[in-house]
Amino acid sequence: MTQLLNGKVALITGGAGRLGRATAEIFLREGASVVLADINAESVRRVNGELEKIYPGKLAAVSGDQSQPDDVVRFISEAEQALGLPDILVNTHGIFPNCPLLEVSVEEWDSVFAVNTRGTMLTCQAIARRWIDAGVKGSIVNISSGAARSGRPGGGHYSGSKAAVEIMTHIFATELGPHGIRVNAVAPGLVLDNVMTEESDDAHPYVNLTLRGTPIGRTGSAGDIGEAVAFLASGRSEWTTGAILEVTGGTHCGRTHMPLTRQLR
Ligand SMILES: NC(=O)c1ccc[n+]([C@@H]2O[C@H](COP(=O)([O-])OP(=O)(O)OC[C@H]3O[C@@H](n4cnc5c(N)ncnc54)[C@H](O)[C@@H]3O)[C@@H](O)[C@H]2O)c1
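Residues numbered from 1 in each chain as written. Predicted model: local features only at pLDDT ≥ 70, side-chain atom pairs only at ≥ 80, totals over all residues. Heavy atoms only, no water.

## Things to note about the overall build of the chain
Here is step 1 of the chain: A tally of regular secondary structure across the chain gives seven helices and seven strands.
Here is step 2 of the chain: Starting at the N terminus and walking to the C terminus, you meet the elements of the chain as β-α-β-α-β-α-β-α-β-α-β-α-α-β.
Here is step 3 of the chain: Against the globule reference of 18 Å for 265 residues, the chain gives a C-alpha radius of gyration of 19 Å, in line with a compact fold.
Here is step 4 of the chain: The principal-axis extent of the C-alpha atoms belonging to the chain is close to 65 × 45 × 40 Å. (Helix = DSSP H or I, 4+ residues; strand = E, 2+ residues; numbered from the N terminus. Rg over C-alpha atoms; globule rule 2.2 N^0.38 Å.)

## A few points about the pairing of strand β3 (residues 59-63)
Within a regular beta strand, the side chains point alternately toward one face of the sheet and then the other, so they alternate between its two faces.
Here is step 1 of the chain: Relative to β3, strand β2 (residues 33-38) is paired through five bridges, and the arrangement is parallel. Considered in β3, the bridge of D38 is made with S63.
Here is step 2 of the chain: You can see the chain leave β2, run along helix α2 (residues 41-54) and come back into β3, and the turn it takes is right-handed. (Pairing = 2+ DSSP bridges. Right-handed = clockwise from strand over helix to strand, strands pointing away.)

## Considering the nonpolar core
Here is step 1 of the chain: Counting 30 residues, the largest nonpolar core has F27, V34, V186, I225 and V229 as the members making the most contacts within it.
Here is step 2 of the chain: Secondary structure elements with two or more residues in this core: β1 (9-13), α1 (18-29), β2, α2, β4 (88-91), β5 (139-143) and α7 (222-233).
Here is step 3 of the chain: The element that contributes the greatest number of residues to this core is α7, accounting for seven residues.
Here is step 4 of the chain: In contact with V34, not counting residues within four places along its chain, are A10, I12, A24, F27, L28, K58, L59, A60 and L83.
Here is step 5 of the chain: Counting residues in hydrophobic clusters, the runner-up holds 24 residues, among them V62, A126, A128 and V183. (Core = buried A, V, L, I, M, F, W, Y, C linked by side-chain atoms within 4.5 Å. Buried < 20%, exposed > 50% of the residue type's maximum accessible area, 1.4 Å probe, protein only. Contact = heavy atoms within 4.5 Å.)

## Description of the sheet that holds β1
Here is step 1 of the chain: Across the sheet, seven strands lie side by side as β3-β2-β1-β4-β5-β6-β7; this open sheet has parallel pairing. What marks the edges here is a single partner per strand, and that holds for β3 and β7 (244-247). Here the average twist between neighbouring strands, direction ignored, is 20 degrees.
Here is step 2 of the chain: Here four bridges tie strand β6 (residues 182-188) to β7, and the two strands are oriented parallel to one another. (Axes fitted to C-alpha atoms, helices over the stretch in contact; angles between N-to-C directions.)

## Side note on the side chain of S161
Here is step 1 of the chain: By the secondary structure assignment, S161 is in helix α5 (residues 156-176).
Here is step 2 of the chain: Judged by its relative accessible area of 0%, S161 is buried.
Here is step 3 of the chain: In this structure, S161 is in contact with V112, F113, N116 and T117, ignoring residues within four places of it in sequence.

## Observations concerning the packing of α1 against α2
Here is step 1 of the chain: Look at α1 against α2: their axes get within 12 Å of each other, and the N-to-C directions meet at 25 degrees. By the angle class used here, α1 and α2 are roughly parallel. Like other packed secondary-structure pairs, α1 and α2 cross with a definite hand, here right-handed. Judged by residue contacts, R21, A24, E25 and L28 of α1 engage V47, E50 and L51 from α2.
Here is step 2 of the chain: Of the residues in the contact of α1 with α2, the class split is four nonpolar, no polar and three charged. (Parallel < 35°, antiparallel > 145°, perpendicular 65-115°, else oblique. Left-handed = near helix turned anticlockwise from the far one by under 90°. Nonpolar A, V, L, I, M, F, W, Y, C, P; charged D, E, K, R; others polar.)

## Some points on helix α4 (residues 106-134)
Here is step 1 of the chain: Taking 1.5 Å per residue, 29 residues should reach 42 Å; α4 reaches 40 Å between its end C-alpha atoms and fits that length.
Here is step 2 of the chain: Most pronounced at A114, the bend in α4 amounts to some 35 degrees. (Expected span 1.5 Å × (residues − 1). Bend = angle between axes of the 7 residues up to and from the residue.)

## Here we look at the packing of aromatic side chains
Here is step 1 of the chain: Counted by the stated rule, this structure contains two aromatic pairs.
Here is step 2 of the chain: On the basis of an interplanar angle of 75 degrees and a centroid distance of 6.3 Å, the ring pair of F96 and Y158 is categorised as edge-to-face. With F96 in the loop between β4 and α4 and Y158 in helix α5, the pair connects residues that are 62 residues apart, well separated along the chain.
Here is step 3 of the chain: The exposure class of F96 is exposed, given its relative accessible area of 57%.
Here is step 4 of the chain: Exposure remark for Y158: the relative accessible area of 8% places this residue in the buried category. (Phe/Tyr/Trp six-rings, centres within 6.5 Å; stacked < 30°, edge-to-face > 60°.)

## As for the environment of G226
Here is step 1 of the chain: Within the secondary structure, G226 is located in helix α7.
Here is step 2 of the chain: Spatially, the C-alpha atoms of G226 and S67 are 23 Å apart, while their sequence positions differ by 159 residues.
Here is step 3 of the chain: Sequence-distant contacts of G226, that is, excluding residues within four places in its chain, are made with T23 and I26.

What follows is the structure in structure tokens.
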């Protein structure tokens with residue numbers, strides 16, 4: 001079977017994280033070269049080293065703080081020097097603290113928006129400027145969250161930051177479409193390191209509750225998200241832009257905890 005991303009170069013932010021690494025593995029399997037970017041220089045070098053053993057010569061690692069414009073411009077330039085100008089950008093960096101709105105401090109509020117929202121805007125902006133100069137018809141995939149459109153206690157800043165990522169995805173799509181650049185997003189549901197198919201006494205009650213409300217009957221894996229990202233990054237979705245693809249096992253379809261019965265009372 002033809003590889004989905006043969007000959008492409010992808011920059012993946014949050015590349016040392018769960019979704020970043022899994023997405024990189026899928027991109028490499030599909031024939032792309034990958035530059036991993038992360039604020040955690042040590043972790044990103046380690047992940048790079050581990051994947052290099054399987055895909056020699058197909059990877060590079062860069063580091064910097066996604067929320068800082070100078071860092072972003074620098075690491076995009078380093079990525080270009082290492083493997084050539086990327087034609088795919090995937091924004092998987094992010095932070096997700098939980099804090100009630102009555103308690104959240106201005107610093108905590110701002111830090112979530114600085115990393116998740118401004119950080120996503122900065123990589124999109126910097127790479128799109130390079131693409132327009134170089135005539136590259138690139139593809140961007142942002143990672144949002146099911147939380148962007150579904151409120152939960154403690155998620156005020158996080159949900160807000162991801163809702164902003166989604167509308168920004170639409171707006172970048174409208175502004176960059178005329179340059180042949182596509183911008184989409186994937187909104188994941190609950191992704192854990194180990195997929196759960198059954199409730200467990202060891203799991204957080206929130207995780208058990210989410211599992212009970214998941215029509216597909218399991219929590220997500222990082223690979224579930226990476227596969228969706230690969231499709232949106234590839235030419236197979238060439239008429240898709242401004243889309244937000246929910247990959248949640250169905251948890252965000254509605255009130256999935258309601259009993260399936262003719263008689264509710
Ligand atoms: N795991 C889930 O269940 C889930 C669900 C919905 C959405 N998401 C979103 O998916 C993305 C990835 O989540 P994950 O589970 O892989 O998390 P993760 O913590 O494993 O990875 C996130 C990565 O982002 C990096 N990062 C954090 N701040 C940064 C900064 N200022 N600059 C550069 N890099 C920075 C971290 O070092 C880390 O490697 C996040 O945006 C998260 O909000 C995750």
